[in-house]
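# Report on the structure
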Amino acid sequence: MSTHIGAREGQIAPTVLLPGDPLRAKYFAEKMLKDAVCFNEVRGMLGYTGLYGDKRVSIMGSGMGIPSLSIYVNELVSEYHVKTLIRIGTCGAIQPHLKIGDIILAMATSTDSSINRLRFSGMDYAPTASFYLLRRAYEEAQLRAVNAHVGGVLSSDTFYEDDPEWWKRWAAYGVLAVEMETAGLYTLAAKLGVDALSILTVSDCIVTGESATAQQRERDFPVMAEIALEVAP
Ligand code: HPA
């Protein structure tokens, strides 16, 4: 057991997929892994290990935001020797050419979080994806009937912004979408010497105000999990 994860030594695979929502971890594990066994229920942050083909893979919720994800990433790597972390989450697109259900592979992250400003004494750090995982994920995405985009995302600390126009500055500088975790994931992966990638599905178009329907969620969200499972070493 670690402080926030109830798994025993050896119960977590070297590759962990991290959806934000623990119930999505359960859904993907039950739907896509063979012989999935639950290794964590602490705080309801469900985690499972099972087989994808002959690969042993884990899927565990990260919670929402950099602080929650950071707790789990620290413990997964330091206490359970995880080597590869792949976030599978949703994002809000801030470019007009992006549509609900599109896949975004986050090459780099900007953030409005102060976490790295504090860590680097006021200087800026550029959290980036593992090139190996990014390239593999792009190849896998191209094999599927899905629009895949590679570029920068914004990891925000705020879901409900005061200013309705807040996203326009980021959009003007080419950022594709907003989510809430990737800057924390890439920073910790670099610090801890492991590989990380965020594979995101567009669930909201902030430009038009459109959100994914229940039907679109069911059809589109498994695609990012499939890509992540294929890419898992
Ligand atoms: N903001 C932040 N994170 C998100 C959003 C959003 O609009 N949509 C999905 N994840």
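A short tour of the structure in this document, coming up. Model, not experiment: these values are computed from the prediction.

## Details of the overall build of the chain
Helix and strand counts for the chain come out as seven helices and 10 strands. In terms of overall size, the chain behaves like a compact globule, its C-alpha atoms giving a radius of gyration of 17 Å where 233 residues would be expected to give roughly 17 Å. For the chain, the share of sequence-separated contacts (at least 6 apart) that also reach a separation of at least 24 residues comes to 76%. Accessible surface, the chain: about 10,900 Å² in total, of which carbon and sulfur atoms supply 53%. In the chain, 21 positive and 27 negative side-chain charges are present, and the distance between their average locations comes to 3 Å.

## Some words on the site of the ligand
In the vicinity of the ligand, the contacting residues are Thr90, Cys91, Gly92, Phe159, Val178, Glu179, Met180, Ser203, Asp204 and Ile206. Between a nitrogen atom of the ligand and a main-chain N or O atom of Gly92, the distance comes to 3.4 Å. Measuring from a nitrogen atom of the ligand, one finds a side-chain N or O atom of Asp204 at 2.7 Å. The site holding the ligand turns out to be the largest pocket.

## Describing the pattern of salt bridges
Taken as a whole and judged by the stated rule, the model has 11 salt bridges. Asp124 serves as the salt-bridge partner of Arg117, at 2.8 Å between the closest nitrogen and oxygen. You can call Asp124 exposed: its relative accessible area is 63%. Shared partners join several salt bridges into a network, and the residues in it are Arg136, Glu139, Glu140, Arg144 and Glu226.

## Looking at the side chain of Thr84
Relative to the elements of secondary structure, Thr84 occurs in strand β5 (residues 84-93). For Thr84, a relative accessible area of 4% corresponds to the buried category.

## A word on unusual backbone geometry
Phi is positive for Arg43, which is not a glycine, with a value near 60°. Structurally, the position occupied by Arg43 is in the loop between β2 (34-40) and β3 (47-52). For Arg43, a relative accessible area of 69% corresponds to the exposed category. At His81, a position not held by glycine, the phi torsion is positive, near 60°.

## Things to note about the layout of surface pockets
Each pocket or cavity is described by its volume, and for the largest pocket that value is around 690 Å³. If you go around the largest pocket, you meet 26 residues; those closest to its centre are Thr90, Phe159, Met180, Ser203 and Asp204. Sorting the residues of the lining of the largest pocket by element identifies β5, β8 (177-179) and β9 (195-205) as the ones contributing at least two each. For the lining of the largest pocket, a count of residues per class yields 10 nonpolar, seven polar and nine charged. Thr109, Ser110, Thr111, Asp112, Ser113, Asn116, Arg117, Met123, Asp124, Tyr125, Pro127 and Trp170 together form the lining of the second largest pocket. When contributions to the lining of the second largest pocket are tallied by element, the ones reaching two or more residues are β6 (103-111) and α3 (115-119). In terms of residue class, the lining of the second largest pocket is built from four nonpolar, five polar and three charged.

Calculation rules
- Residues numbered from 1 in each chain as written.
- Predicted model: local features only at pLDDT ≥ 70, side-chain atom pairs only at ≥ 80, totals over all residues.
- Heavy atoms only, no water.
- Helix = DSSP H or I, 4+ residues; strand = E, 2+ residues; numbered from the N terminus.
- Rg over C-alpha atoms; globule rule 2.2 N^0.38 Å.
- Contact = heavy atoms within 4.5 Å.
- Areas by Shrake-Rupley, 256 points an atom, 1.4 Å probe, with all protein chains shown as cover.
- Lys, Arg positive; Asp, Glu negative; His and termini not counted.
- Charge placed at Lys NZ, Arg CZ, Asp CG, Glu CD.
- Near = heavy atom within 4 Å.
- Polar contact = N/O pair within 3.5 Å; in protein donor to acceptor, adjacent residues only side chain to side chain.
- 1 Å grid on protein atoms, 1.4 Å probe; cavity = no way out; pocket = protein on both sides within 12 Å on 5 of 7 lines; lining within 4 Å.
- Sits in = over half its atoms within 2 Å of the grid points.
- Salt bridge = Lys/Arg side-chain N within 4 Å of Asp/Glu carboxyl O.
- Buried < 20%, exposed > 50% of the residue type's maximum accessible area, 1.4 Å probe, protein only.
- Points joined across faces, edges and corners; volume = space filled by probe spheres on them.
- Nonpolar A, V, L, I, M, F, W, Y, C, P; charged D, E, K, R; others polar.

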